There are 2 protein chains.
Amino acid sequence: MADAVKDLNSTTSTSEETLTLKSPKSKLRCIVKLGGAAITHKNELESINEESLGTVCSQLRRAMVSPESSSPAKVVGMDWSRRGGDPIVSDVDELRGSDLGLDNSFIVVHGAGSFGHFQASRSGVHKGGLHLPLVKAGFVATRISVTSLNLEIVRALAREGIPAVGMSPFACGWSTRERNIASADASQIVEALQAGFVPVLHGDAVIDHTLDCTILSGDVIIRHLAQLLMPEYVVFLTDVLGVYDRPPTDPKAILLREIAVGEDGDWSIVKPTPDHMKGKVEITVAAHDTTGGMETKILEAAVIAKLGVDVYITKAGTDHCRRALRGEVHDIPDDWLGTVIRSKRK
Amino acid sequence: MADAVKDLNSTTSTSEETLTLKSPKSKLRCIVKLGGAAITHKNELESINEESLGTVCSQLRRAMVSPESSSPAKVVGMDWSRRGGDPIVSDVDELRGSDLGLDNSFIVVHGAGSFGHFQASRSGVHKGGLHLPLVKAGFVATRISVTSLNLEIVRALAREGIPAVGMSPFACGWSTRERNIASADASQIVEALQAGFVPVLHGDAVIDHTLDCTILSGDVIIRHLAQLLMPEYVVFLTDVLGVYDRPPTDPKAILLREIAVGEDGDWSIVKPTPDHMKGKVEITVAAHDTTGGMETKILEAAVIAKLGVDVYITKAGTDHCRRALRGEVHDIPDDWLGTVIRSKRK
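Every value quoted in this text rests on a predicted model; they were computed, and no experiment measured them.

### As for the interface of chain A and chain B
Link 1 in the chain: Tallying the contact residues gives 60 residues for chain A and 60 residues for chain B.
Link 2 in the chain: Regarding the contact of chain A and chain B, the summed buried area is about 4900 Å², with carbon and sulfur atoms giving 71% of it.
Link 3 in the chain: Inspection of the chain A/chain B interface yields two salt bridges.
Link 4 in the chain: Taking the shortest distance from any N to any O, the salt bridge between B:Arg82 and A:Glu44 comes out at 3.2 Å.
Link 5 in the chain: Taken together, chain A and chain B are joined by 16 residue pairs in polar contact (both at pLDDT 80 or more).

### Thoughts on the sheet that holds strand β3 (residues 164-166) of chain A
All names here are of chain A.
Link 1 in the chain: What the nine strands build is an open sheet, ordered β3-β6-β2-β1-β9-β12-β13-β10-β11; its pairing is mixed. Only two strands of the sheet have a single neighbouring strand rather than two, namely β3 and β11 (267-271). On average, each strand axis in the sheet is inclined to that of its neighbour by 20 degrees, with strand direction left out of account.
Link 2 in the chain: In terms of strand pairing, strand β10 (residues 258-261) meets β11 through four bridges, oriented antiparallel. Paired with Ala 260 across the strands is Ser 268, a residue of β11.
Link 3 in the chain: Strands in contact with helix α4 (residues 50-64) are β1 (30-34), β2 (106-110), β6 (198-202) and β9 (233-238); relative to β2, the strand with the most contacts, it is inclined by about 165 degrees.

### Focus on the pattern of salt bridges
Residue and element names in this part refer to chain A.
Link 1 in the chain: Scanning all chains against the criterion turns up 34 salt bridges over all chains.
Link 2 in the chain: The residue Arg 143 makes a salt bridge to Asp 204 at a minimum N-O spacing of 3.1 Å. Taken together, the positions of Arg 143 in helix α7 (residues 133-159) and Asp 204 in strand β7 (residues 204-208) put the pair 61 residues apart, joining distant regions of the chain.
Link 3 in the chain: Given a relative accessible area of 3%, Arg 143 falls into the buried group.
Link 4 in the chain: Within this structure, Asp 79, Arg 83, Glu 152, Arg 155 and Arg 159 form a network of salt bridges that share partners.

### Looking at the UniProt feature "binding site: substrate" (unreviewed entry) in chain A
Residue and element names in this part refer to chain A.
Link 1 in the chain: In the numbering used here, UniProt assigns the "binding site: substrate" (unreviewed entry) feature to Ala 112, His 117 and Gly 218. A stretch of 107 residues holds the annotated residues, and the largest C-alpha distance among them is 12.4 Å, short enough that they meet in one place.
Link 2 in the chain: Accessibility expressed as a relative area gives 13% for Ala 112, which makes it buried.
Link 3 in the chain: Beyond its immediate sequence surroundings of up to four residues, Ala 112 is in contact with Gly 36, Thr 40, His 117, Val 146 and Leu 149.

### Here we look at the packing of aromatic side chains
Link 1 in the chain: Applying the stated criterion across every chain, the model contains ten aromatic pairs over all chains.
Link 2 in the chain: When the ring of A:Phe170 is compared with that of B:Phe197, the centres are 6.4 Å apart and the planes differ by 85 degrees; the resulting orientation is edge-to-face. Placement of the pair is A:Phe170 in the loop between β3 and β4 (175-177) and B:Phe197 in the loop between α8 (187-194) and β6 (198-202), with the two residues belonging to separate chains. The burial state of A:Phe170 is the same as that of B:Phe197; both residues are buried.
Link 3 in the chain: Connected via pairs of aromatic rings, a cluster forms that spans A:Phe139, A:Phe170 and B:Phe197.

### So, the relation of the copies chain A and chain B
Link 1 in the chain: Once chain A has been moved 0.0 Å along the axis and rotated by 180 degrees, it coincides with chain B to within an RMSD of 0.0 Å. Taken together, these values place the two copies in the relation of a two-fold axis. Distance from the rotation axis, computed per C-alpha, reaches its smallest value in chain A at A:Cys172: 2.3 Å.
Link 2 in the chain: In this assembly the copies share their binding face: 100% of the residues contributing to the interface of chain A also contribute to that of chain B.

### What to know about the state of the cysteines
Residues and elements named next belong to chain B.
Link 1 in the chain: Tallying each qualifying case throughout the model produces zero disulfides over all chains.
Link 2 in the chain: Not engaged in a disulfide, the cysteine Cys 30 finds its nearest cysteine sulfur in Cys 321; these two sulfurs lie 10 Å apart.
Link 3 in the chain: Note on Cys 30: relative accessible area 0%, which makes it buried.
Link 4 in the chain: Its sulfur unpaired, Cys 57 is 10 Å from the next cysteine sulfur, which belongs to Cys 321.

### Points about the UniProt feature "binding site: ATP" (unreviewed entry) in chain A
Residues and elements named next belong to chain A.
Link 1 in the chain: Sites flagged by UniProt as "binding site: ATP" (unreviewed entry) map to Gly 113, Asp 239, Gly 293 and Lys 297.
Link 2 in the chain: Inspection of the secondary structure puts Gly 113 in the loop between β2 and α6 (117-123).
Link 3 in the chain: For Gly 113, a relative accessible area of 2% puts it in the buried group.
Link 4 in the chain: When near neighbours in sequence (up to four residues on either side) are disregarded, Gly 113 contacts Gly 36, Thr 40 and Lys 42.

Conventions and cut-offs
Each chain has its residues counted from 1, following the order in which its sequence is written. By the order in which they are written, chains take letters starting at A while ligands take numbers starting at 1. Since the coordinates come from a predicted model, pLDDT governs what is reported: local features require at least 70, and pairs of side-chain atoms require 80 or more to be given and counted, while whole-chain, interface and lining totals use all residues. The side-chain figures draw on all heavy atoms in the structure; neither hydrogens nor water molecules are used. In what follows, residue pairs with any heavy atoms lying within 4.5 Å of each other are defined as contacts. In short, buried area is how much 1.4 Å probe accessible area vanishes from two parts on joining, totalled over both. A side-chain nitrogen of Lys or Arg and a carboxyl oxygen of Asp or Glu constitute a salt bridge if their distance falls within 4 Å. Polar contact is defined as a pair of N or O atoms within 3.5 Å, subject to the rule that within protein one atom must be able to donate a hydrogen and the other to accept it, and that residues adjacent in sequence are counted only when both atoms are side-chain atoms. Between any two strands, at least two bridges found by DSSP are needed for them to pair. Here a helix means four or more residues in a row that DSSP labels H or I, a strand means two or more in a row labelled E, and each is numbered from the N terminus. Axes here refer to lines fitted to C-alpha atoms; in helices the fit is confined to the stretch in contact. Angles between the N-to-C directions go from 0 to 180 degrees. Type-normalised accessible area, obtained with a 1.4 Å probe on protein chains alone, sets the label of each residue: buried when under 20%, exposed when over 50%, and partly exposed for intermediate values. UniProt positions are given in the numbering used here, feature names are shortened, and annotations may be inferred rather than shown by experiment. Stacked, tilted and edge-to-face are the three classes applied to pairs of Phe, Tyr and Trp rings, where Trp contributes its six-membered ring and a pair requires centres within 6.5 Å; stacked means planes under 30 degrees apart, edge-to-face means over 60, and tilted covers the rest. Overlaid copies result from least-squares superposition on C-alpha atoms, with residues included only where pLDDT is at least 70 in both. Any pair of cysteine sulfurs within 2.5 Å is marked as a disulfide.

Shown next as structure tokens:
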């Protein structure tokens, strides 16, 4: 892992100027990754884990409620769809003067889980070659799958009264060169934030200027947005409590509570203290995951931490998740379970 | 109508430079508008007219089949969704070497029909005022509704083997100023075309720099794309045969076969000849249509015609539709029913 982390500098060579949000009030608070494993049933094609997604959306809303808000703001359901939407707003006038009462300067990025991966790996979209009908068909099929998940996540957020707007990286014009981000104008995302919306992005099939096409993972998107927008903190929500020293299915696995990342990309485990750690830290990558799984996540998290932005990795839907989303775990409370990745400078 | 047409110059003051497609091979052939009335049941909330949509998608595919294609290309289903998708590609190798055999330099733009209009008009999104929770909720609800329609249209096209990619104007960063397009970078759309995809856009809720927000109609999007990309022809598909001299529900209504538009925006009916026409030409606007209905369509069509691009308006799913999509009605055959709007210069 250390070597891989050292290689990261090469992937960050595309350094766009940091866009500054116009008003200090709209300083970006948090970028949240909803991991594919946390919000879908990974082994069942295109199956959303409704319970987990609903809990996370509710926790996100609570994290957005302003402490200075006079009263617990009423949830204004924003999904007015016929199929499974909110009841149609009955008293339009009631809403005119009220305030959403949310400090919702958040960006949500989600993975694909059981959406998209199958289509992408079956056709080899991540390897390029759009002139092949199989790859072209797979590109289209992958985007259909991931955008249908995006729509359902936007709807779940909207039902919690979060003003979510879906923004597909492909439609935003994001593209790559040899799988590294080549063009990723975030101006429309900043504009959406400034207008009070919560942009919801996702891992997507995109144009690659050398390979024709590839898959841009949610984790790479988060790293890029963090570099551009410097959020206060970043939260990765997954289906395990955090990063372990070996596959978390191993009963001897130890949760790494704090990882410090140095200027040169080297890293060390701060908690638990080294004398508690035995043996080599392993990283598992699921075979069906075309964009890298946990390894990519940790590498991207390390780049974010180097910026001076704390990264919290924890399990979606738990109380640890709730606390991480509120940004309350900076001091790593003893009863908080998760992994903090941060800069050694701190 | 004549006065309204004369006002058009004011709406076209935002003149971006015409983007030229890099390769002559990728000259844009056609922009197709799938009218909301043609592809949805307009009086039933969020209900797709599956039969009409399916027929149009099949006609679009046939219009894309290259005349020089050696054999009728096999349909490569590109919607690999679990719910109602194509059978999963069983013989991956079969697809590797084949050619899609499509001349698919098309852009599809669809209206909202019974998707989005309700949410937009209930909340007044088209009138702006995002600081009001009602408008913000309506903006989110409108986008959920129109993007869910977009997804289903992309899927219907993909099932016909058309490599369709959804591109929401909001996500593309398109915005307006006093409801006129202020920013609408089409570079990602051109990139998608050049990669061999069919971009599928839609009327959308967008940021407006004076009103906070508004609705950008599919017709305005088409006019803008036509100005930028100069397609060979533009087809508007709707639920009637074309433009009539009075509401088409009136049994005395006469179909206007050809309308010529002059340099200064004045227009005249070429077919039927003036002695067949009696009385004033009326334009009806449906009460629930927040973006203008037939009037907007004709005004935008006139601007496109002024560019020297033929506009064909006809009924979705008919044989007239099939011929218009193939670009075969330039000489307005006697047995072709529809309206051609073109420049007087021609």
